[in-house]
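So you can see what is in the structure, the chains are spelled out below.
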Amino acid sequence: MSSPTHIRFERQIESPEISQYLVRSPREILSILRQLAEKRALLLVYPNGRHPSALLSIITVSESDQALYLDISNDPELNGRLLSAEQSDCDTQLDRVEIRFQIGALTKASAGGGEAMRCAIPQALLRLQRRESFRLVTSVVNPIRCFISIPASADKKAKSYEARVLNISVGGVALVVPEGLDVAPDVEFKDCRIDLPDTSPIVVTLKARNIFRITQVDGTEQVRAGFEFVNLKPAQDSTIQRYILRIERERAASS
């Protein structure tokens, strides 16, 4: 089976459509990287732009020595690939906006009281602020639920997980990842049921795109993930659009 394709950062910025989102201001780049560190956003890091990617986070951003410190992977072989790579591509998300950048060579370092990897702060990054579809932030009082079923395997029983939907669009959903559910980028979950109030449930395939750890007010961590719909049927698309429009009208009328 061939590896999925990853388009190198330098190729992406050749496109006029994409290059308009390029950020080159050192101050702005520092600000974005610090926000990623504060929110403990997870980065997909591709050594030399190739799969497999590592799932890392930014430990700290040092302006004094113009360095970025990343944590290390649990996979020693993958760490070796990262440390031997001349360049690595990074993909992540900040407040539902895609962030992409390229880093130079990584070296062993220490930060935050543990092992880390160090590289120079990137000189440019992409902040893709496109909005292909409107996202409805769901009600906390009357939440939407998504039920994810994991089929039985040779060593595990079938299991079902209930997740709270944070926002929804015709493109996908953001969920609070329930405890015990293993989620990784590009993993697909089939036959997921989303219960929309006052309408028929929709059964869809969800593909994980981005994963984040959020520290809540009480200090506990919450894992959130963004998923895209895979091959959404026209009838399901219409059901979601009607629901979003109805809720928006109700909110506008009550404001």
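Quick note: structure is the one above.
Below, the structure is looked at part by part. (Residues numbered from 1 in each chain as written. Predicted model: local features only at pLDDT ≥ 70, side-chain atom pairs only at ≥ 80, totals over all residues. Heavy atoms only, no water.)

1. Some remarks on the pattern of salt bridges
Applying the stated criterion across every chain, the model contains 12 salt bridges. Residue Glu162 pairs with Arg145 through a salt bridge whose shortest N-O separation is 3.4 Å. With Glu162 in strand 12 (residues 159-168) and Arg145 in strand 11 (residues 144-150), the pair connects residues that are 17 residues apart, well separated along the chain. On the basis of relative accessible area, Glu162 is assigned to the partly exposed category, the value being 45%. (Salt bridge = Lys/Arg side-chain N within 4 Å of Asp/Glu carboxyl O. Helix = DSSP H or I, 4+ residues; strand = E, 2+ residues; numbered from the N terminus. Buried < 20%, exposed > 50% of the residue type's maximum accessible area, 1.4 Å probe, protein only.)

2. Focus on the sheet that holds strand 8 (residues 114-120)
Across the sheet, which stays open at both edges, the 9 strands sit in the order 1-9-6-5-2-3-4-8-7 with antiparallel pairing between neighbours. In the strand order of this sheet, the two ends are held by strand 1 (22-23) and strand 7 (107-111), each with one partner. As judged from the 4 bridges shared by strand 2 (residues 42-47) and strand 5 (residues 88-94), these two strands associate in the antiparallel manner. Directly across from Tyr46, in strand 5, lies its bridge partner Asp89. Packing of helix 3 (residues 26-38) onto the sheet brings it into contact with strand 1, strand 3 (54-62), strand 4 (67-70), strand 5, strand 6 (97-103) and strand 9 (125-128), and relative to strand 3 it is tilted by some 120 degrees. (Pairing = 2+ DSSP bridges. Contact = heavy atoms within 4.5 Å. Axes fitted to C-alpha atoms, helices over the stretch in contact; angles between N-to-C directions.)

3. So, helix 3
Taking 1.5 Å of rise per residue, 13 residues should cover 18 Å, and helix 3 covers 18 Å from first to last C-alpha, within 8% of that figure. Every buried residue belonging to helix 3 is among Ile29, Leu30, Ile32, Leu33, Leu36 and Ala37, and all of these are buried. An end-on view of helix 3 places all buried positions within 165 degrees of arc, on one side of the element. Every exposed residue of helix 3 that faces more than 90 degrees away from the buried side is listed here: Arg27 and Glu38. Taken together, the buried residues of helix 3 touch strand 1, strand 3, strand 4, strand 5, strand 6 and strand 9. At the exit of helix 3 stands Arg40, carrying a positive phi of roughly 55 degrees. (Expected span 1.5 Å × (residues − 1). Arc of directions from axis to C-beta.)

4. A look at the side chain of Asp89
You can see Asp89 is positioned in strand 5. At a separation of 2.9 Å, a polar atom in the side chain of Asp89 contacts the side chain of Gln102. (Polar contact = N/O pair within 3.5 Å; in protein donor to acceptor, adjacent residues only side chain to side chain.)

5. Some points on the environment of Ala235
Relative to the assigned elements, Ala235 resides in helix 5 (residues 234-254). Considering only alpha carbons, one finds Ala235 and Ile202, 33 residues apart in sequence, at a separation of 9.5 Å.

6. Considerations on helix 4 (residues 76-84)
Within the span of helix 4, buried status applies to Leu78, Asn79 and Leu82. Relative to the axis of helix 4, the buried residues are bounded by an arc of 100 degrees and lie together on one face. For helix 4, the exposed residues lying more than 90 degrees away from the buried face are Pro76, Glu77 and Ser84. Looking at the packing, one finds that the buried side of helix 4 touches strand 2, strand 3, strand 5 and strand 8. With a side-chain oxygen positioned 3.0 Å from the backbone nitrogen of Glu77, the residue opening helix 4 is Asp75.

7. Quick look at the packing of aromatic side chains
Counted under the stated rule, the structure contains 1 aromatic pair. Here the aromatic rings of Phe189 and Phe227 are separated by 6.2 Å at their centres, their planes lie at 70 degrees, and the arrangement is edge-to-face. Of this pair, Phe189 sits in strand 14 (residues 188-195) while Phe227 sits in strand 16 (residues 221-230), and the two are 38 residues apart along the sequence. Relative accessible area serves as the criterion here: at 3%, Phe227 is assigned to the buried category. (Phe/Tyr/Trp six-rings, centres within 6.5 Å; stacked < 30°, edge-to-face > 60°.)

8. Some points on the environment of Gly172
For Gly172, the location among the structural elements is in strand 13 (residues 172-176). Judged by relative accessible area, which is 0%, Gly172 ranks as buried. Sequence separation between Gly172 and Arg209 is 37 residues, and the spatial gap between their C-alpha atoms is 9.9 Å. If we skip the residues at most four places from it in the chain, Gly172 touches Arg135, Asn167, Phe227, Glu228 and Phe229.

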